[in-house]
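# Observations on the model geometry
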Amino acid sequence: FEYYQNRAAAIAQTEGANALNGAKVASINRMEGELLGTGVAVRKEWISAHVPRTRASHAGLHGTFADEEGLWDLDGVKIPWPGHWSLPAENRVGCLCTVGQVFVRES
């Protein structure tokens, strides 16, 4: 029974984080469109949890911005947010990373 409880908790945490990060990115993308021509831009930033179980590759992305296509490269997989469903399980299950937004003046 404990195995199934732990598995259910891992699935719920993983899928919840995926949904939350996906919604955050959708919101940031909408903000990008609304800010066009204002002189202000918004960028997506990877934020790692920095807890003992944080994967080194995830911690290595902490503070980095998404590329021009809105993607990060995590161990060779291009993803639009942490915990994305296209990641292999070893980089997805239990991921505590999230997305933040940073406002910058356009030059």
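Here we summarise the structure given alongside this text.

### Here we look at the side chain of S48
Relative to the elements of secondary structure, S48 occurs in the loop between β1 (40–47) and α2 (56–60). Owing to a relative accessible area of 6%, S48 belongs among the buried residues under this scheme. Only 3.3 Å separates the side chain of S48 from the side chain of W46, close enough to count as a polar contact. Contacts of S48, omitting those with residues within four sequence positions, involve T54, H58, A59, H62 and C97.

### A word on unusual backbone geometry
Phi angles above zero are rare outside glycine, and H50 is one such case at about 55°. Inspection of the secondary structure puts H50 in the loop between β1 and α2. Positive phi is not limited to glycine here, since D75 has a value of about 50°. Among the secondary structure elements, D75 is positioned in the loop between β2 (72–74) and β3 (77–79).

### A short note on the packing of aromatic side chains
A complete count under the given rule lists 2 aromatic pairs for this structure. When the ring of Y3 is compared with that of Y4, the centres are 5.1 Å apart and the planes differ by 75°; the resulting orientation is edge-to-face. Ring plane angle 75° and centroid distance 5.4 Å describe the contact between W46 and W72, whose orientation is recorded as edge-to-face. With W46 in strand β1 and W72 in strand β2, the pair connects residues that are 26 residues apart, well separated along the chain. Residue W46 is classed as buried on the basis of its relative accessible area of 0%. If you follow R43 out to its NZ or CZ, it ends over the ring of F65, 4.2 Å from the centre.

### Describing the side chain of H58
As for its placement among the helices and strands, H58 is situated in helix α2. In contact with H58, not counting residues within four places along its chain, are W46, S48, L74, N91, C95 and C97.

### A word on the nonpolar core
Judged by nonpolar contacts, the single largest core of 15 residues is most densely connected at W46, L61, W72, L74, I79 and V99. Counting residues per element, the ones that place at least two in this core are α1 (2–35), β1 and β2. V99 has contacts with N21, K24, V25, I28, K44, E45, I47, W72, W81 and P82, leaving out every residue within four places of it along the chain.

### Quick notes on the environment of R55
Within the element layout of this structure, R55 appears in the loop between β1 and α2. With relative accessibility at 22%, the residue R55 sits in the partly exposed group. Residues R55 and R105 lie 50 residues apart in sequence; the distance between their C-alpha atoms is 33 Å. Aside from chain neighbours lying at most four places away, what touches R55 is A89, E90, N91, R92, V93, G94 and C95.

Reading the values: the criteria
Within every chain, residues take consecutive numbers counted from 1 along the sequence as written. It should be noted that, the model being predicted, local features are given only for residues of pLDDT at least 70 and side-chain atom pairs only at 80 or more, the latter also being counted only at that level, while totals for whole chains, interfaces and linings use all residues. Excluding hydrogens and water, the side-chain figures rest on all heavy atoms present in the structure. Put simply, DSSP H or I for four residues or longer makes a helix, DSSP E for two residues or longer makes a strand, and each gets a number counted from the N terminus. Buried means the residue's accessible area, taken with a 1.4 Å probe over protein chains only, is under 20% of the maximum for its type, while exposed means over 50%, and partly exposed covers the values in between. A 3.5 Å cut-off defines polar contacts: any pair of N or O atoms within that distance qualifies, except that in protein one atom must be a possible hydrogen donor and the other a possible acceptor, and neighbouring residues in sequence count only when both atoms are side-chain atoms. We call two residues in contact when some of their heavy atoms are within 4.5 Å. Centre distance within 6.5 Å is the pairing criterion for rings of Phe, Tyr and Trp, where only the six-membered ring of Trp is used; planes under 30 degrees apart are then read as stacked, over 60 as edge-to-face, and the remainder as tilted. Our definition puts a charge over a ring when NZ of Lys or CZ of Arg is within 6 Å of the ring centre and also within 35 degrees of the ring normal. As used here, the term nonpolar core means buried Ala, Val, Leu, Ile, Met, Phe, Trp, Tyr and Cys residues forming a set that is joined through side-chain atoms within 4.5 Å.

Interpretation note: all reported values are geometric properties and have no functional meaning in isolation.
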